Amino acid sequence: MATGYAPRKSSTGRLASAGSVGTTLEWYDFTVYNTLAALVFNRLFFPSFDPFSGIILAFSTYAVGYVSRPIGGVVFGHLGDKRGRRFVLVVTLILMGLTTALMGALPTFASIGIWSPVLLVALRFVQGVALGGEWAGAVLISFEHGAQDRRGRNASWTQLGPSLGTLLATGCIAIVTSLLSSSSFLAWGWRLPFLTSSLLVAFGVWVRQGIDETPMFRALEQSGQKAKAPIGDVLRFHWRRLLIAGGVRVGSDVLYALIYVFTLTYVTTVLNLSRTLALTAVLIAAPMNAVTIPLFAILSDRIGRRPVYASGAALGMVWAFAFFLLIDTARPWLILLAAVVGVVFHSAMFGPQAAFMVEQFPTKVRYAGSSLAYTLAGIVGGGFAPLIFASLYRVFHTTIAVSLYVVISLCVTGLALLAARETGRSPLEG
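What to know about the overall build of the chain
Scanning the chain from terminus to terminus reveals 19 helices and zero strands. For the chain, the C-alpha atoms occupy an extent of roughly 65 × 45 × 35 Å along the three principal directions. Buried residues in the chain amount to 60% of all 430 residues. The long-range share in the chain, meaning contacts at least 24 apart out of those at least 6 apart in sequence, stands at 86%. Only carbon and sulfur atoms are counted for the fraction: they give 70% of the accessible area of the chain, which is about 15500 Å².

Right, here's the structure in full:
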């Protein structure tokens, strides 16, 4: 499609940074929150409950950030297909940064009582709205700028965010906990990782201001064929694709939550092993995740999205049981092995995921469709997974129940893959 528009040439590095910085901030915050929820939030915000009940309440607050995401998916998905990808990305990044920093300034239950968890929930809600519009735009900024025979690789830059964010957050917490006493960390040290996020926000705004609007959106804009009601069009004409795009995400999110979130709770609360060991396992797994995500994405460009994705789902089902067999030995090197191998299987799904989801939709509703799929699947998958894991273990007192939940979630992903068309080597819909 001829556009008459000559976009500024953006380097691969800048496009990769623009695509990944938002999800890096997102998962930086989520990892900080999850880690602190597992370690200290039960005492800071829910001190009237026993430790495990406090952890469940803290994870419930975490889930609020997922429940509010579809609101952001609707609002920013509409704006992304009407106003452009770049505009939405700057707005959502600033909003995310503000809410994350404010969490670090929150008074605790000891200072203001019940208003403390209420304010925490409110910030999680607003943050979730911003996150609901972030992911799709971050994917599209590199996906629609880059070479079409490398769509999987280009979209995967955004998928590096969880591992990079987890690595940065876990490293930050590890440094703070090593420098401070337990009492100082509980009193004020827990605030530092939240406040540090402002550095990521400043970098992200600078990078994204230097990226032009995508050529595909400019072409759509100049053709006068933009959708009048993108969300409505998705629900009316592309609902089956919406279900497929959302379904493929469910299993990978649940497997991720098992490895990165529940491990911290299980190792420290159930096995009574050190906080340092739990954090080290996550800290070592995160770089492996970051390295293997683009490799699997590149592989999906060559052999297709579905076979790569399906392999990760099948192996993840097996690992859901092997994971706890290794963890329960309480041997540090086996705990590390459980986490590292688990993230490789997760990468096989997560690497091609971004391209696979956005490829389901034509350009005029691509932002809205992929935003809705991502946010709705996030509620079903990752949003409630930590809460469900903790609740299942508390009720059944066995990790088999947790493993079965992971397998069921991965079956949902498998069914979605069976219903999907292969998109890796097909031209995009205009």
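Some words on the layout of surface pockets
One way to see where empty space is left: roll a probe the size of a water molecule over the atoms. If you add up the space inside the second largest pocket, you get close to 160 Å³. Every residue lining the second largest pocket is listed: Ala-174, Thr-177, Ser-178, Leu-180, Ser-181, Ser-182, Phe-185, Arg-275, Thr-276, Leu-279, Thr-280 and Leu-283. Among the secondary structure elements, those contributing two or more residues to the lining of the second largest pocket are helix H8 (151–179), helix H9 (182–189) and helix H14 (275–303). Looking at which element gives the most residues to the lining of the second largest pocket, the answer is H14, with five residues. Looking at the lining of the second largest pocket residue by residue, the class counts come to five nonpolar, six polar and one charged.

Points about empty space enclosed by the protein
Tallying each qualifying case throughout the model produces four cavities of 30 Å³ or more. Reported here for the largest cavity is a volume of approximately 50 Å³. Lining the largest cavity are Trp-27, Thr-31, Asn-34, Thr-35, Thr-166, Tyr-256, Tyr-260, Val-261 and Leu-264. Residues that form the lining of the largest cavity fall into these classes: five nonpolar, four polar and no charged.

Things to note about the packing of helix H15 (residues 305–327) against helix H19 (residues 399–419)
Relative to each other, H15 and H19 sit at 170 degrees, their axes nearing to 9 Å. In terms of orientation, H15 and H19 fall into the roughly antiparallel class. Here Arg-306, Tyr-309, Ala-310, Ala-313, Gly-316, Met-317, Ala-320, Phe-321 and Phe-324 of H15 lie close against H19, whose contacting residues are Thr-399, Ile-400, Val-402, Ser-403, Leu-404, Val-406, Val-407, Leu-410, Cys-411, Thr-413, Leu-417 and Leu-418.

Quick word on the packing of aromatic side chains
Geometry of an aromatic ring pair is reported as the spacing of the ring centres plus the angle between the planes. Here the structure, examined in full by the defined rule, presents 13 aromatic pairs. Ring pairing ties together the aromatic residues Phe-262, Tyr-266, Phe-323, Phe-324, Phe-389, Tyr-393 and Tyr-405, which thus form one cluster. Above the plane of the ring of Tyr-374 lies Arg-249, whose end atom (NZ or CZ) is 3.7 Å from the centre.

Quick word on the environment of Ala-155
By secondary structure assignment, the location of Ala-155 is in helix H8. Considered as a pair, Ala-155 and Gly-19 are 136 residues apart in the sequence and their alpha carbons are 8.0 Å apart. In this structure, Ala-155 is in contact with Val-139, Ser-142, Phe-143, Ala-354 and Ala-355, ignoring residues within four places of it in sequence.

Some words on unusual backbone geometry
For residues that are not glycine, phi is negative in most cases, and the peptide bond is trans in most cases. The backbone phi angle of Asn-272 is positive, close to 60 degrees, even though this residue is not glycine. Relative to the assigned elements, Asn-272 resides in the loop between helix H13 (239–270) and H14.

Looking at the side chain of His-238
Residue placement: His-238 occurs in the loop between helix H12 (230–237) and H13. Overall, the relative accessible area of 14% leaves His-238 in the buried class. Ignoring any residue separated from it by four or fewer positions in sequence, one finds His-238 in contact with Asp-233, Phe-361, Pro-362 and Val-365.

Examining the nonpolar core
Core analysis: the biggest nonpolar cluster contains 110 residues, and Phe-41, Leu-258, Tyr-260 and Phe-389 have the highest contact counts within it. Per-element accounting of this core gives the leading share, 16 residues, to H13. By size, the runner-up hydrophobic cluster in this structure holds seven residues, among which are Leu-15, Ala-18, Val-207 and Ile-211.

Let's talk about the packing of helix H18 (residues 385–396) against H19
The contact between H18 and H19 brings their axes to 8 Å, and the two run at 145 degrees. By crossing handedness, the relation of H18 to H19 is classed as right-handed. Between H18, through Ala-385, Ile-388, Phe-389, Leu-392, Tyr-393 and Phe-396, and H19, the contact on the second element is made entirely by Thr-399, Ala-401, Val-402, Tyr-405 and Val-406. Residue composition of the contact of H18 with H19, grouped by class: ten nonpolar, one polar and no charged.

Some thoughts on helix H7 (residues 115–143)
Taking 1.5 Å of rise per residue, the 29 residues of H7 would be expected to cover 42 Å, and the 43 Å separating its terminal C-alpha atoms lies within 8% of that figure. Of all the bends in H7, the greatest, near 30 degrees, is centred on Glu-134.

Things to note about the pattern of salt bridges
Taken as a whole, this structure holds nine salt bridges when the rule is applied. Asp-81 is paired through a salt bridge with Arg-85; the nearest N and O atoms lie 2.9 Å apart. Take Asp-81 and Arg-85: they sit in the same class, and that class is buried. A single salt-bridge network, built from bridges that share partners, covers Asp-81, Arg-85, Glu-144 and Arg-366.

What to know about the side chain of Gln-360
Turning to its location among the elements, Gln-360 is positioned in the loop between helix H16 (332–358) and helix H17 (366–383). Of the residues examined, Gln-360 reaches a relative accessible area of 1% and is grouped as buried. If we skip the residues at most four places from it in the chain, Gln-360 touches Arg-241, Ile-244, Ala-245, Arg-421, Thr-423 and Glu-429.

Regarding the confidence of the model for the chain
Across the chain, pLDDT averages 85, with 92% of residues at or above 70. H15 holds the highest mean pLDDT among the elements of the chain, 97, whereas helix H3 (residues 51–67) holds the lowest, 64. Residue range residues 1–8 is modelled with pLDDT below 50. Its contacts to residues more than four positions away, or to other chains, number 17 contacts.

What counts and what doesn't
- Residues numbered from 1 in each chain as written.
- Predicted model: local features only at pLDDT ≥ 70, side-chain atom pairs only at ≥ 80, totals over all residues.
- Heavy atoms only, no water.
- Helix = DSSP H or I, 4+ residues; strand = E, 2+ residues; numbered from the N terminus.
- Buried < 20%, exposed > 50% of the residue type's maximum accessible area, 1.4 Å probe, protein only.
- Contact = heavy atoms within 4.5 Å.
- Areas by Shrake-Rupley, 256 points an atom, 1.4 Å probe, with all protein chains shown as cover.
- 1 Å grid on protein atoms, 1.4 Å probe; cavity = no way out; pocket = protein on both sides within 12 Å on 5 of 7 lines; lining within 4 Å.
- Points joined across faces, edges and corners; volume = space filled by probe spheres on them.
- Nonpolar A, V, L, I, M, F, W, Y, C, P; charged D, E, K, R; others polar.
- Axes fitted to C-alpha atoms, helices over the stretch in contact; angles between N-to-C directions.
- Parallel < 35°, antiparallel > 145°, perpendicular 65-115°, else oblique.
- Phe/Tyr/Trp six-rings, centres within 6.5 Å; stacked < 30°, edge-to-face > 60°.
- Lys NZ or Arg CZ within 6 Å of the ring centre and 35° of its normal.
- Core = buried A, V, L, I, M, F, W, Y, C linked by side-chain atoms within 4.5 Å.
- Left-handed = near helix turned anticlockwise from the far one by under 90°.
- Expected span 1.5 Å × (residues − 1).
- Bend = angle between axes of the 7 residues up to and from the residue.
- Salt bridge = Lys/Arg side-chain N within 4 Å of Asp/Glu carboxyl O.
- pLDDT = per-residue confidence, 0-100.

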